[in-house]
Amino acid sequence: MTDTLTGRLLVSEALVVPSGLSAGGTTIEPAEVRRVPGFVESAFSPLVKAAVDSCLAPVTGGAALGDEGARTGLVLATLFGDTATADLGSRLLTSGRVANPLLFYQSVPTTILGVVARDYGITGPTTCVALRGDLRGEALDLVDTLLDDGMDQVLLLGVGLAAEARPARAGARLADDGGPRAGAAAADAAVAFLVRRAGSWPQAAEAAVLPDADEHVPAFGSLAGLVQLYLAVRAERAAAAARAIAVDVGEALGGRRLHLLPEEPR
């Protein structure tokens, strides 16, 4: 059974693709990504920070969230995490060279979220998840759960690096084991959404339900669904009257539908 009553407000969103990308009629302009002190070699952490900064700029102007920080959750979803750091660190170990402590890839996602939390005064729950297949359904389900648990808003981040040979082989192995499979990403990318609870769900026309997979942006791999959501929201914001976007969200107890209504940042 599908529950169509869950509604949330989508306050702001951002997509960062340093190289830019043109795929399936969709063109993403290149974006500048600055180095983050304390992180080396990999684009993973700079991507996260750039996406957060871009997403929160219209909301805070770059300042901390203030009192809202305690009621804000952070969710980072990824397929393999920081594959560049993992690959470099493992190659150093297998070659017998001394490992750089900054290449401890397991801590990269939570560490960069710590930087984000410090910069924006966020003290709510922080969650990093590695998900198989397309990230959108399970990531939005987690965001919705945090909002139900008392958070006023949640900043969702999806991040992925362009697939090198080893991550691509790992993805194929997961698919061979019977798990869901997302195509290999062709570019480094990060997408961010700030989602809020709705005190009362406003009446709004509904946009077409988004499918689980997006044939127009396959080059984003596991991020394809979240990128598709970003593009749909931007299209609705450009329209005269934004409609609520209905997204199918999978969960352990069955499928349901989440309504996201674009709201102007305040």
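Provided above is the structure to which this section pertains.
A look at the overall build of the protein
Part 1 of the reasoning: Broken down by element type, the protein carries 6 helices and 9 strands.
Part 2 of the reasoning: Of all intrachain contacts in the protein linking residues separated by at least 6 positions in sequence, the fraction that spans at least 24 positions is 79%.
Part 3 of the reasoning: Working note: accessible area of the protein is about 12500 Å², and carbon and sulfur atoms make up 52% of it.

Looking at the nonpolar core
Part 1 of the reasoning: If you look at the biggest cluster of nonpolar residues, it comprises 38 residues, and the most contacted ones within it are Val17, Leu156, Phe193, Phe220, Leu223 and Leu229.
Part 2 of the reasoning: Elements represented by at least two residues in this core include exactly strand E1 (6-16), strand E4 (72-78), helix H4 (136-148), strand E6 (153-160), strand E7 (189-197), helix H6 (224-238), strand E8 (245-249) and strand E9 (256-262).
Part 3 of the reasoning: The leading source of residues in this core is H6, at 7 residues.
Part 4 of the reasoning: Contacts of phenylalanine 193, omitting those with residues within four sequence positions, involve Leu10, Ser12, Glu13, Cys55, Val154, Leu155, Leu156, Leu226, Leu229 and Tyr230.

Description of the pattern of salt bridges
Part 1 of the reasoning: Scanning the entire structure with this criterion turns up 12 salt bridges.
Part 2 of the reasoning: Aspartate 148 is the partner of arginine 8 in a salt bridge, and the nearest nitrogen-oxygen pair spans 2.7 Å. Of this pair, arginine 8 sits in strand E1 while aspartate 148 sits in helix H4, placing them 140 residues apart in sequence.
Part 3 of the reasoning: A salt bridge links arginine 118 to aspartate 119, with the shortest nitrogen-to-oxygen separation between them at 2.9 Å.
Part 4 of the reasoning: Here the salt bridges share partners, and the residues they tie into one network are Lys49, Asp53, Arg118 and Asp119.

Brief notes about the pairing of E9
Part 1 of the reasoning: Of all 7 residues in E9, 6 are buried, a share of seventy percent or more.
Part 2 of the reasoning: In this sheet, E9 lies alongside E8 in antiparallel orientation, the contact comprising 5 bridges. Within E9, the position partnered with valine 249 by the bridge is arginine 256.

Here's the deal with H4
Part 1 of the reasoning: Here H4 contains 13 residues, and its C-alpha end-to-end distance of 18 Å stays within 8% of the 18 Å for a straight helix at 1.5 Å per residue.
Part 2 of the reasoning: Those residues of H4 lying buried are Arg136, Gly137, Ala139, Leu140, Asp141, Val143, Asp144, Leu146 and Leu147.
Part 3 of the reasoning: Once H4 ends, the next one or two residues include glycine 150, with phi positive near 120 degrees.

With respect to the environment of leucine 261
Part 1 of the reasoning: Position of leucine 261 relative to the elements: it lies in strand E9.
Part 2 of the reasoning: Separated by 65 residues in sequence, leucine 261 and arginine 196 have C-alpha atoms that sit 9.9 Å apart.

Things to note about the environment of threonine 111
Part 1 of the reasoning: Inspection of the secondary structure puts threonine 111 in helix H3 (residues 108-120).
Part 2 of the reasoning: Considered as a pair, threonine 111 and serine 45 are 66 residues apart in the sequence and their alpha carbons are 8.7 Å apart.

A look at the layout of surface pockets
Part 1 of the reasoning: Of the volumes computed, that of the second largest pocket is approximately 260 Å³.
Part 2 of the reasoning: As for the second largest pocket, its lining consists of Val16, Ala31, Glu32, Val33, Arg34, Arg35, Val36, Pro46, Lys49, Ala50, Asp53 and Ser54.
Part 3 of the reasoning: The element that contributes the greatest number of residues to the lining of the second largest pocket is helix H1 (residues 44-60), accounting for 5 residues.
Part 4 of the reasoning: Taken together, the residues of the lining of the second largest pocket break down into 6 nonpolar, 1 polar and 5 charged.

Rules used in this analysis
- Residues numbered from 1 in each chain as written.
- Predicted model: local features only at pLDDT ≥ 70, side-chain atom pairs only at ≥ 80, totals over all residues.
- Heavy atoms only, no water.
- Helix = DSSP H or I, 4+ residues; strand = E, 2+ residues; numbered from the N terminus.
- Contact = heavy atoms within 4.5 Å.
- Areas by Shrake-Rupley, 256 points an atom, 1.4 Å probe, with all protein chains shown as cover.
- Core = buried A, V, L, I, M, F, W, Y, C linked by side-chain atoms within 4.5 Å.
- Buried < 20%, exposed > 50% of the residue type's maximum accessible area, 1.4 Å probe, protein only.
- Salt bridge = Lys/Arg side-chain N within 4 Å of Asp/Glu carboxyl O.
- Pairing = 2+ DSSP bridges.
- Expected span 1.5 Å × (residues − 1).
- 1 Å grid on protein atoms, 1.4 Å probe; cavity = no way out; pocket = protein on both sides within 12 Å on 5 of 7 lines; lining within 4 Å.
- Points joined across faces, edges and corners; volume = space filled by probe spheres on them.
- Nonpolar A, V, L, I, M, F, W, Y, C, P; charged D, E, K, R; others polar.

That is the geometry; function is a separate question.
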